[in-house]
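# A closer look at the structure
Chain by chain, the residues:
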Amino acid sequence: MDHAAHEPEKQPHGTASWGTAVKATLHCLTGCAIGEILGMVIGTALGWGNVLTMAVAIGLAFLFGYSFTLFAVVRAGLSLKAAIRVALAADTVSIAVMEFVDNAIIALTPGAMDAHLSEGLFWAALLGGFAVAFLITTPINRWMIGRGRGHAVVHAHH
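Read on for an overview of the structure. (Residues numbered from 1 in each chain as written. Predicted model: local features only at pLDDT ≥ 70, side-chain atom pairs only at ≥ 80, totals over all residues. Heavy atoms only, no water.)

### Focus: the nonpolar core
If you look at the biggest cluster of nonpolar residues, it comprises 29 residues, and the most contacted ones within it are Cys 32, Met 40, Met 98, Ile 106 and Leu 126. Those elements that place two or more of their residues in this core are α1 (18–45), α2 (50–75), α3 (80–108) and α4 (120–146). Beyond its immediate stretch of four places on either side in the chain, Ile 106 contacts Glu 36, Met 40, Ala 112, Met 113, Ala 125 and Leu 126. (Core = buried A, V, L, I, M, F, W, Y, C linked by side-chain atoms within 4.5 Å. Buried < 20%, exposed > 50% of the residue type's maximum accessible area, 1.4 Å probe, protein only. Helix = DSSP H or I, 4+ residues; strand = E, 2+ residues; numbered from the N terminus. Contact = heavy atoms within 4.5 Å.)

Encoded structure:
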C-alpha cells in the first residue's frame, strides 16, 4: 500500500500544507459525523431530552473518530495499547474542537434541538454545524501537524 499520499507535506518554518490539514480534518470529520449523526438519530427517535441526546452524540463522535485512527494503526502493526496512545494523541484536539463548534451551532440554532428527523431544520443545523466545524478545525490541524502533533503522529505509523 502506498502511504506517500498520507505523508505530511512539510513547508518552511514548521508548517504543514493546507492539503495535508484538509485531509486530516476530513478523516476526523468522517468519524465524528458518523458517531454524532448516529447519536442524534438515536436520541431524537427515542424522544430523549436535549442534554442526553447531545451527550450520546458527542460520546459516539469521539468513539468513531478514535476508532478510524485506531484501526488504521493496528492494521499497520502497532499493539492495541500503542495504537490507543497514537489515536488519543492524533485526534483528541481535533475531535474536541469539532464537537464543540458543531454542537454549539446546533444548540444555538433556534428550534434545531427540538426538530424531528423528518424536518429540514434538524439536518440543516447538523450538516451546517459540520461545515463550520471543518472550517474552524482545519487551520488548527494545520498548525498542529506542522509542529509534529495531532494527526502527524499517525503518519509515523503508516
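### Topic: α1
With 28 residues, α1 should cover 40 Å at 1.5 Å per step; its first-to-last C-alpha distance of 38 Å lies within 8% of that length. Of the residues one or two after α1, Gly 47 is the one with positive phi, at around 70°. (Expected span 1.5 Å × (residues − 1).)

### Looking at the packing of α2 against α3
At a closest axis distance of 8 Å, the pairing of α2 and α3 adopts a crossing angle of 145°. Along this stretch, α2 crosses α3, giving a crossing that reads as right-handed. When grouped by side-chain class, the residues that make up the contact of α2 with α3 number 19 nonpolar, four polar and two charged. (Axes fitted to C-alpha atoms, helices over the stretch in contact; angles between N-to-C directions. Left-handed = near helix turned anticlockwise from the far one by under 90°. Nonpolar A, V, L, I, M, F, W, Y, C, P; charged D, E, K, R; others polar.)

### What to know about a nonpolar patch on the surface
A cluster of nonpolar side chains, namely Val 74, Leu 80, Ile 84 and Leu 88, defines an oily patch on the protein surface of about 330 Å² accessible area. Here the nonpolar patch gets three residues from one element, more than from any other, and that element is α3. In this structure, Leu 80 sits in helix α3. Overall, the relative accessible area of 54% leaves Leu 80 in the exposed class. (Patch = residues over 30% accessible without salt bridge, like charges linked within 9 Å, V, L, I, M, F, W, Y side chains within 5 Å. Areas by Shrake-Rupley, 256 points an atom, 1.4 Å probe, with all protein chains shown as cover. Salt bridge = Lys/Arg side-chain N within 4 Å of Asp/Glu carboxyl O.)

### Considering the state of the cysteines
Using the criterion set out here, one finds zero disulfides in the structure. Take Cys 28: it sits in no disulfide, and the sulfur closest to it among the cysteines is that of Cys 32, at 4.0 Å. (Disulfide = S-S within 2.5 Å.)

### A look at the environment of Cys 28
Following the sequence through the fold, Cys 28 ends up in helix α1. In this structure the C-alpha to C-alpha distance between Cys 28 and Thr 137, which are 109 residues apart in sequence, comes to 9.7 Å. Residues contacting Cys 28, with those up to four places away along its chain left out, are Ser 94, Ile 95 and Met 98.

### A look at the environment of Gly 129
Here Gly 129 lies in helix α4. What makes Gly 129 buried here is its relative accessible area of 0%. With 26 residues separating them along the chain, Gly 129 and Asn 103 place their C-alpha atoms 7.0 Å apart. Residue contacts for Gly 129: discarding those within four places in its chain leaves Asp 102, Ile 105 and Ala 124.

### Quick word on the side chain of Thr 20
If you trace the backbone, Thr 20 turns up in helix α1. At 3.0 Å, the side chain of Thr 20 and the side chain of Ser 17 are in polar contact. (Polar contact = N/O pair within 3.5 Å; in protein donor to acceptor, adjacent residues only side chain to side chain.)

Keep in mind these values describe shape, not function.
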